[in-house]
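Structural overview
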Amino acid sequence: MASFAIFLVSMLFSSIPFSALANQNCTQTNQTLVSNPSTSIAGGESAVLAYRSPLWPKIPGAQWIWKSYLVTDPQVQDTVVFQKDFTLEGAVTSGTLSIAGDDYYKISVNGNQVASESGEDNFKTIRTFPISSSLFHSGKNTITFQVTNAKYFYRTGASPYTNPAGLIYALHLNSEICANPAETKSTTTAMLVAASGAFPFSLKNSLKYEILALMLLLVIFVGLKRYSESLKEKF
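Conventions and cut-offs
Residues numbered from 1 in each chain as written. Predicted model: local features only at pLDDT ≥ 70, side-chain atom pairs only at ≥ 80, totals over all residues. Heavy atoms only, no water. Helix = DSSP H or I, 4+ residues; strand = E, 2+ residues; numbered from the N terminus. Buried < 20%, exposed > 50% of the residue type's maximum accessible area, 1.4 Å probe, protein only. Contact = heavy atoms within 4.5 Å. Areas by Shrake-Rupley, 256 points an atom, 1.4 Å probe, with all protein chains shown as cover. Pairing = 2+ DSSP bridges. Disulfide = S-S within 2.5 Å. Phe/Tyr/Trp six-rings, centres within 6.5 Å; stacked < 30°, edge-to-face > 60°. Patch = residues over 30% accessible without salt bridge, like charges linked within 9 Å, V, L, I, M, F, W, Y side chains within 5 Å. Salt bridge = Lys/Arg side-chain N within 4 Å of Asp/Glu carboxyl O. Core = buried A, V, L, I, M, F, W, Y, C linked by side-chain atoms within 4.5 Å. Polar contact = N/O pair within 3.5 Å; in protein donor to acceptor, adjacent residues only side chain to side chain.

With that settled, the discussion passes to the overall build of the protein. For the protein, the helix and strand inventory stands at 4 helices and 11 strands. For the protein, buried positions account for 37% of its 235 residues. The contacts in the protein between residues at least 6 apart in sequence include a share of 78% that link residues at least 24 apart. In the form shown here, the protein has an accessible surface area of approximately 13,800 Å², with 55% of it arising from carbon and sulfur atoms.

What follows is the structure in structure tokens.
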């Protein structure tokens, strides 16, 4: 009977998330990545601070960047690809990106496009996009910005000051870092725990009730078993 009881309790523990059995220590963290010269240009060069037009909005802590302080030729359309590499230790739970660009831009996270804007007034407005947490992973991650500066629309008056180019952004990430990432406990380990009598008294109330219910059923089963054996002895 003892071995049968151990088996039943072991089956229960094998279906319980391991995070409920262990005192899982999770820490909520957040980080913000902003545009500045630490952002790189595809090819390995670092971005530089751009001439900031009076029409461009601000993002706290971020700076307008481009491949040069002033555009080389304001009457020629130019596209620059920027990227920011960063490392994550835990799992991202949510993310948002605030961005403005002069003029058009496309955004990708680890090779997956998440947003694009081709309007003419992107340099006037900060837009915020939600970024799916599923696009991030533990370790190295990369966010990429493809920014296009359109050629000057008028025949005269073109200059680096009337047709500037730039990008500004802030990536906000909320993450969870857990000391014990395992989510389930193997049946073999659960059987050892049950057999040794090391029952986890720190379980949540719902799990305690499930264990008490199982033990009650076990007592009823033992009682019925003994009653059946006593009847056999009489007859």
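Look at any regular strand and the pattern is simple: side chains alternate between the two faces of the sheet. Pairing of strand β2 (residues 40-41) with strand β5 (residues 78-88) involves 2 bridges; the strand directions are antiparallel. Note on β5: the bridge partner recorded for Ser40 is Gln83. Alignment of β5 against strand β10 (residues 139-149), held across 11 bridges, turns out to be antiparallel. Bridge pairing links Phe82 to Phe145 in β10.

This model, assessed by the stated rule, comprises 1 disulfide. Disulfide partner of Cys26: Cys178, at an S-S distance of 2.1 Å. Here the disulfide of Cys26 and Cys178 is right-handed, its torsion about the S-S bond being about 105°. Linking Cys26 in strand β1 (residues 26-34) with Cys178 in strand β11 (residues 166-178), this pair joins segments that are 152 residues apart in sequence. Overall, the relative accessible area of 28% leaves Cys26 in the partly exposed class.

Once that is clear, we can look at the sheet that holds β5. The strand order across the open sheet formed by 5 strands is β2-β5-β10-β7-β8, and the pairing between neighbours is antiparallel. With one partner strand each, in any of the chains shown, β2 and β8 (112-117) form the two edges of the open sheet.

The next subject is the packing of aromatic side chains. Each aromatic ring pair is described using two quantities: the centre-to-centre distance and the angle formed by the ring planes. Throughout the structure, instances matching the rule amount to 6 aromatic pairs. Ring geometry for Tyr51 versus Tyr69: centroids 6.2 Å apart, planes at 80°, classification edge-to-face. Placement of Tyr51 in the loop between β3 (48-49) and β4 (65-66) and of Tyr69 in the loop between β4 and β5 is noted, with a sequence separation of 18 residues between them. Owing to a relative accessible area of 17%, Tyr51 belongs among the buried residues under this scheme. Relative to Tyr161, the ring of Tyr51 has its centre 4.9 Å away and its plane inclined at 85°; by these criteria the two rings are edge-to-face. Here Tyr51, found in the loop between β3 and β4, pairs with Tyr161, found in the loop between β10 and β11; they are 110 residues apart in sequence, far enough to count as distant. Joined through ring pairs, the aromatic side chains of Tyr51, Tyr69 and Tyr161 make up one cluster.

Turning next to a nonpolar patch on the surface. Together, Leu216, Leu217, Ile220 and Leu224 give the surface a local cluster of nonpolar side chains, amounting to about 410 Å² of exposed area. Along the chain, Leu216 falls in helix α4 (residues 205-234). Leu216 gets classed as exposed once you look at its relative accessible area, which sits at 52%.

A few words now on the nonpolar core. Judged by nonpolar contacts, the single largest core of 30 residues is most densely connected at Phe82, Leu97, Ile99, Ile107 and Phe145. With residues near it in sequence (within four places) discarded, Leu97 still touches Ile107, Arg127, Thr128, Phe129, Ile131, Ile143, Phe145, Tyr169, Ala170 and Leu171. Ala62, Trp64, Ala100 and Phe123 belong to the second largest nonpolar core, which has 9 residues in total.

As a further point, take the environment of Asn112. Residue position: Asn112 is located in strand β8. By relative accessible area, which is 36% here, Asn112 ends up partly exposed. The spacing of Asn112 and Leu135 is 23 residues in sequence and 7.5 Å in space, taken between C-alpha atoms. Ignoring any residue separated from it by four or fewer positions in sequence, one finds Asn112 in contact with Ile107 and Leu135. At a separation of 3.3 Å, a polar atom in the side chain of Asn112 contacts the main-chain carbonyl oxygen of Asn110.

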